[in-house]
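Secondary and tertiary structure notes
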Amino acid sequence: MRAFSSPEALAEALAESVATALRGRIAHEGFAALAVSGGTTPVRFFQALSTQKLDWAKVTVTLVDERWVDESSPRSNAALVRMHLLQGHAAAARFLPLYSGAATPEAGCALVQAALSALPLPFAAIVLGMGADGHTASFFPRGDHLDAALNPTGAALALPMHAPGAGEPRITLTLPVLLAADYLALHIEGEAKRAVLAQASALPVGAVLAHRPGTEIFWSP
Ligand SMILES: O=C(O)[C@H](O)[C@@H](O)[C@H](O)[C@H](O)COP(=O)(O)O
């Protein structure tokens, strides 16, 4: 685990690592894709990343998971990314939202998967968050598609998810998509989340860490 003294220091270091992964992929292949998480934690990281100098016009940004709500909702991860990440240098990036306006994530999933499969996969970088219940992406405990989403050999790139702790219906990238990324990081802040992480083996986030022990964990108080 990389422990930092402040959320600001963490944000700068995580932005450096992600920018390095993006530059590396652009240098080799000309294009790169990045998936980021929503929620409340990533705002400082988004702001730090938006100031990184790289050829953002070659980057497609999308989400690890999304709440099935319109961008006018304060719960929209897409709105969060537009407001805090797609600014400054990063304003030149292309953004692929996961929410399409379809009535349900089930109805929108095929379209999302088609759009994802047109990206320069695997992702150059993916940054995960974690909830207090041990979910990461939308791999929620008791989620209706949890087993399918955590199948390391599953063919789906994205799946709908309904779960008691999820708030609204969700759509999420699947475990094999996360595992294939060039660079995979988990960003958590606060003592409570560090304590949850210590119990990770019994939680959905633990499935990611078990399959990808090299996942770089960023923590600050
Ligand atoms: O849409 C979401 O909710 C996220 O992508 C989710 O997976 C997030 O990373 C955790 O819930 C942590 O959320 P906080 O940063 O708000 O604690």
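Residues numbered from 1 in each chain as written. Predicted model: local features only at pLDDT ≥ 70, side-chain atom pairs only at ≥ 80, totals over all residues. Heavy atoms only, no water.

The protein goes by 6-phosphogluconolactonase in an unreviewed UniProt entry, where it is assigned to Acidocella aromatica. As its UniProt record puts it under Function (unreviewed entry), the protein is described as follows: "Hydrolysis of 6-phosphogluconolactone to 6-phosphogluconate." Per UniProt, the comment on the protein under Catalytic activity (unreviewed entry) is "6-phospho-D-glucono-1,5-lactone + H2O = 6-phospho-D-gluconate + H(+)". (UniProt positions renumbered as here; feature names shortened; annotations may be inferred.)

The next thing to look at is the overall build of the protein. What the protein contains, in helices and strands, is eight helices and ten strands. Considering only C-alpha atoms, the protein reaches an extent of 40 × 40 × 35 Å along its principal axes. Taken across its 221 residues, the protein has 56% of its residues classed as buried. On the protein, roughly 9,000 Å² of surface is accessible, and the fraction owed to carbon and sulfur atoms is 57%. In the protein, 15 positive and 18 negative side-chain charges are present, and the distance between their average locations comes to 4 Å. (Helix = DSSP H or I, 4+ residues; strand = E, 2+ residues; numbered from the N terminus. Buried < 20%, exposed > 50% of the residue type's maximum accessible area, 1.4 Å probe, protein only. Areas by Shrake-Rupley, 256 points an atom, 1.4 Å probe, with all protein chains shown as cover. Lys, Arg positive; Asp, Glu negative; His and termini not counted. Charge placed at Lys NZ, Arg CZ, Asp CG, Glu CD.)

Turning to the layout of surface pockets, a few remarks are in order. Roughly 250 Å³ of volume is contained in the largest pocket. The wall of the largest pocket is formed by 19 residues, among which Gly-38, Gly-39, Arg-67, Met-130 and His-135 lie closest to the centre. Of the residues in the lining of the largest pocket, the class split is three nonpolar, eleven polar and five charged. (1 Å grid on protein atoms, 1.4 Å probe; cavity = no way out; pocket = protein on both sides within 12 Å on 5 of 7 lines; lining within 4 Å. Points joined across faces, edges and corners; volume = space filled by probe spheres on them. Nonpolar A, V, L, I, M, F, W, Y, C, P; charged D, E, K, R; others polar.)

The next subject is the pairing of strand β9 (residues 183-189). In terms of burial, β9 is largely enclosed, as seven of its seven residues are buried. With burial as the criterion, each face of β9 is covered, one bearing Tyr-183, Ala-185, His-187 and Glu-189 and the other bearing Leu-184, Leu-186 and Ile-188. Bridge count for strand β6 (residues 125-128) against β9 is four bridges, and the pairing is parallel. Paired with Val-127 across the two strands is Ala-185, which belongs to β9. In the sheet, β9 pairs with strand β10 (residues 216-220) via five bridges, with the strands oriented parallel. Bridging from a neighbouring strand, Leu-186 pairs with Ile-217 of β10. (Pairing = 2+ DSSP bridges.)

Another aspect to go through is the site of the ligand. Taken together, 15 residues lie around the ligand, and Thr-40, Thr-41, Asp-65, Asn-77 and Lys-193 are the ones closest in. Here an oxygen atom of the ligand sits 2.8 Å away from a polar atom, N or O, in the side chain of Arg-67. With respect to the ligand, the side chain of His-135 contributes an N or O atom lying 2.7 Å from an oxygen atom. Expressed as a share of its isolated accessible area of 420 Å², the protein-covered part of the ligand is 89%. (Near = heavy atom within 4 Å. Polar contact = N/O pair within 3.5 Å; in protein donor to acceptor, adjacent residues only side chain to side chain.)

The pairing of strands in a sheet comes from backbone hydrogen bonds and takes either a parallel or an antiparallel form. If you walk across this open sheet you meet the three strands as β4-β8-β7, and the pairing is antiparallel. Single-partner strands in this sheet number two, and they are β4 (65-67) and β7 (158-161). Each neighbouring strand pair of the sheet contributes to a mean axis angle of 20 degrees, computed without reference to strand direction. In terms of strand pairing, β4 meets strand β8 (residues 170-173) through three bridges, oriented antiparallel. From the neighbouring strand, Asp-65 faces β8, where its bridge partner is Thr-172. Relative to the sheet, helix α4 (residues 105-117) contacts β7 and β8, its axis offset from that of β7 by approximately 160 degrees. (Axes fitted to C-alpha atoms, helices over the stretch in contact; angles between N-to-C directions. Contact = heavy atoms within 4.5 Å.)

At the junction of Leu-121 and Pro-122, the peptide bond is cis and its omega measures out at -5 degrees in the coordinates. Locating Pro-122 in the fold gives a position in the loop between α4 and β6. Unusually for a residue other than glycine, Ala-137 sits at a positive phi of about 45 degrees. Inspection of the secondary structure puts Ala-137 in the loop between β6 and α5 (146-149). You can call Ala-137 buried: its relative accessible area is 5%. Even without glycine at this site, Arg-142 takes up a positive phi of about 65 degrees. Position of Arg-142 among the secondary structure elements: in the loop between β6 and α5. For Arg-142, a relative accessible area of 69% corresponds to the exposed category.

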